[in-house]
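# Examining the three-dimensional arrangement
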Amino acid sequence: MVREVKLYTSPTCPYCKMAKKFLDDNGVKYQEFNIAEDKAAREEMKNKCSSLAVPTICFDDQVLVGFDEAKLKEKLGL
Amino acid sequence: MYELIIIGGGPAGMTAAVYAARKQLNTLLISSDIGGQGLTTWLIENYMGYQFIGGHELMQKFEEQVKQFPTTVKLEVGKTVERLSKTDGGFEIRTHNGETYQARAVILATGKSPRKLNVPGENELLGRGVTYCAICDGPIFADLKVAIIGGGNSGVEAANDMVKIAEHVYLISLTALTADRILIDKLENAGNLTVFTEHEVLEIKGESRVEGVKIRDLNSKQEKTLAVDGVFVEIGLIPNSDLAAELVAPNRLGEVQVDCGNETGVPGLFGAGDVTSVPGKQIVIAAGEGAKAALQAHHYLQRLRD
């Protein structure tokens, strides 16, 4: 199933790197937004995803805050 | 049944795994993540062999090295161990999802976690303005107001980062600032900083996200609420020793007491890294302790066989 996955990150966040590596390793396509540089993305993450922490991963109607491998696997159906 | 279970995938646990593999011990390394506290340091300048290296990059190198031994070391990542108990033949662990594993020997390398304030609102607003990772979440609070709790190095470092981007920064400390002078001096010219020393945090306020923090002056007992969008908790770390509490009593710092051979006093149960009483919470020390613990576990298992 093709779904739109959005990953919000900051450049100095180690858990964001882990999330990226996990998505890459599992062949999940995603769009990355650097909230430190991209103000519009920052506002989108805060308002649409109601999240104030990175990494935030949004797809379908799901919002996952933080990197939790087990939860990501389950929610993405991997 | 495994010969050895290593609980924790940080520098101590991963180094122990490599040493265990080289001794041909049938080993399970189980951890909620790979890298542990090694991941939370942005830049490491005191791990020998590298003048500087990113914490994430160094932990990836550790992981690659562990994965050189796929037949001797099995990795179970993304699992939290909730119980460790003694059995007739050794030990049993149980994970958050109810799985159990058995081994003749165990190395506890569970590290430390951020200390919590334990005030109302803290858990409820985690990820909604409350954060324990200033280097991760700092940029989210650009042009907003934040309170940084903690006057040690990590709190003052976070303040140094945030005064550059936040509208206003409140730095709140129970005592006078205890950070290194060089870090405190850097804050001197910040026009958007207010420091409250000898103040305690009573409550983090907010409905769906952080709206304020209530503090109290330790001397005058006067209370006030600061309107903020974010609260960064930087008040140190506590050892993750709860898991061992059934078998060994922690010392007064909450650490697992070990001797110079990484033994806990319970035959077959070893400790390594930041969770233990060994002084010096450093990656290079944790790695060395992990190596020692695995070698000691090997001796122990050999004695069992003989």
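Residues numbered from 1 in each chain as written. Chains lettered and ligands numbered in written order. Predicted model: local features only at pLDDT ≥ 70, side-chain atom pairs only at ≥ 80, totals over all residues.

Assigned secondary structure in chain A consists of three helices and four strands. Reading chain A from its N terminus to its C terminus gives the helix and strand order β-α-β-α-β-β-α. Here chain A, with 78 residues, has 36% of them falling under the buried criterion. Within chain A, residue pairs in contact and separated by at least 24 positions form 56% of the contacts whose partners lie at least 6 positions apart. (Helix = DSSP H or I, 4+ residues; strand = E, 2+ residues; numbered from the N terminus. Buried ≥ 20, exposed ≤ 12 C-beta atoms within 10 Å, placed from the backbone. Contact = placed C-beta atoms within 7 Å.)

Turning to the sheet that holds strand S3 (residues 56-59) of chain A, a few remarks are in order. Residues and elements named next belong to chain A. With respect to topology, four strands assemble into an open sheet ordered S2-S1-S3-S4, the strand pairing being mixed. The outermost strands of the open sheet, each flanked by one partner alone, are strand S2 (31-34) and strand S4 (62-65). With direction set aside, neighbouring strand axes in the sheet form an average angle of 15°. With four bridges joining them, strand S1 (residues 6-9) and S2 adopt parallel strand pairing. Residue Thr9 lies in a different strand from S2, and its bridge partner there is Asn34. (Pairing = 2+ DSSP bridges. Axes fitted to C-alpha atoms, helices over the stretch in contact; angles between N-to-C directions.)

Turning to the sheet that holds strand S12 (residues 168-172) of chain B, a few remarks are in order. Residues and elements named next belong to chain B. In space, the five strands of this open sheet follow the order S10-S17-S11-S12-S13, with parallel pairing throughout. One side of each edge strand has no neighbouring strand; the edge strands of this open sheet are strand S10 (130-131) and strand S13 (193-196). Of the pairings in the sheet, the one linking S10 to strand S17 (residues 230-233) comprises two bridges and is parallel in character. Along S17, the bridge assignment pairs Thr131 with Phe232. Together, strand S11 (145-149), S12, S13 and S17 form the strand contacts of helix H4 (residues 153-162), whose direction differs from that of S11 by roughly 165°.

Let's shift gears to the domain arrangement of chain B. Along its sequence, chain B is organised into domain 1 (2-114 + 237-305) and domain 2 (130-233). Each of domain 1 of chain B and domain 2 of chain B has a C-alpha centre, and the two are 34 Å apart. (Domains from an automatic or database assignment.)

Predicted confidence across chain B gives a mean pLDDT of 96, with 100% of residues reaching 70 or more. Across the whole predicted complex the pTM is 0.84, and at the interface the ipTM reaches 0.88. (pLDDT = per-residue confidence, 0-100.)

What follows concerns the nonpolar core. By size, the foremost hydrophobic cluster in this structure holds 57 residues, and its most contacted members are B:Val146, B:Ala147, B:Ile148, B:Ile149, B:Met162, B:Val169 and B:Val231. Here this core gets five residues from one element, more than from any other, and that element is helix H1 (residues 14-25) of chain A. B:Val81, B:Phe91, B:Ala105 and B:Ala286 belong to the second largest nonpolar core, which has 52 residues in total. (Core = buried A, V, L, I, M, F, W, Y, C linked by C-beta atoms within 7 Å.)

Our focus in this paragraph is the packing of helix H1 (residues 11-22) of chain B against helix H6 (residues 283-305) of chain B. Residue and element names in this part refer to chain B. Direction vectors running N to C along H1 and H6 enclose 40°, while the axes themselves pass 7 Å from each other. One way to sum up the angle between H1 and H6 is to call them oblique. Considering only the axes of H1 and H6, their crossing is right-handed. On the side of H1, the interface is formed by Pro11, Ala12, Gly13, Thr15, Ala16, Tyr19 and Ala20, while H6 contributes Ile283, Ala286, Ala287, Glu289, Gly290, Ala291, Ala293, Ala294, Leu295 and Ala297. (Parallel < 35°, antiparallel > 145°, perpendicular 65-115°, else oblique. Left-handed = near helix turned anticlockwise from the far one by under 90°.)

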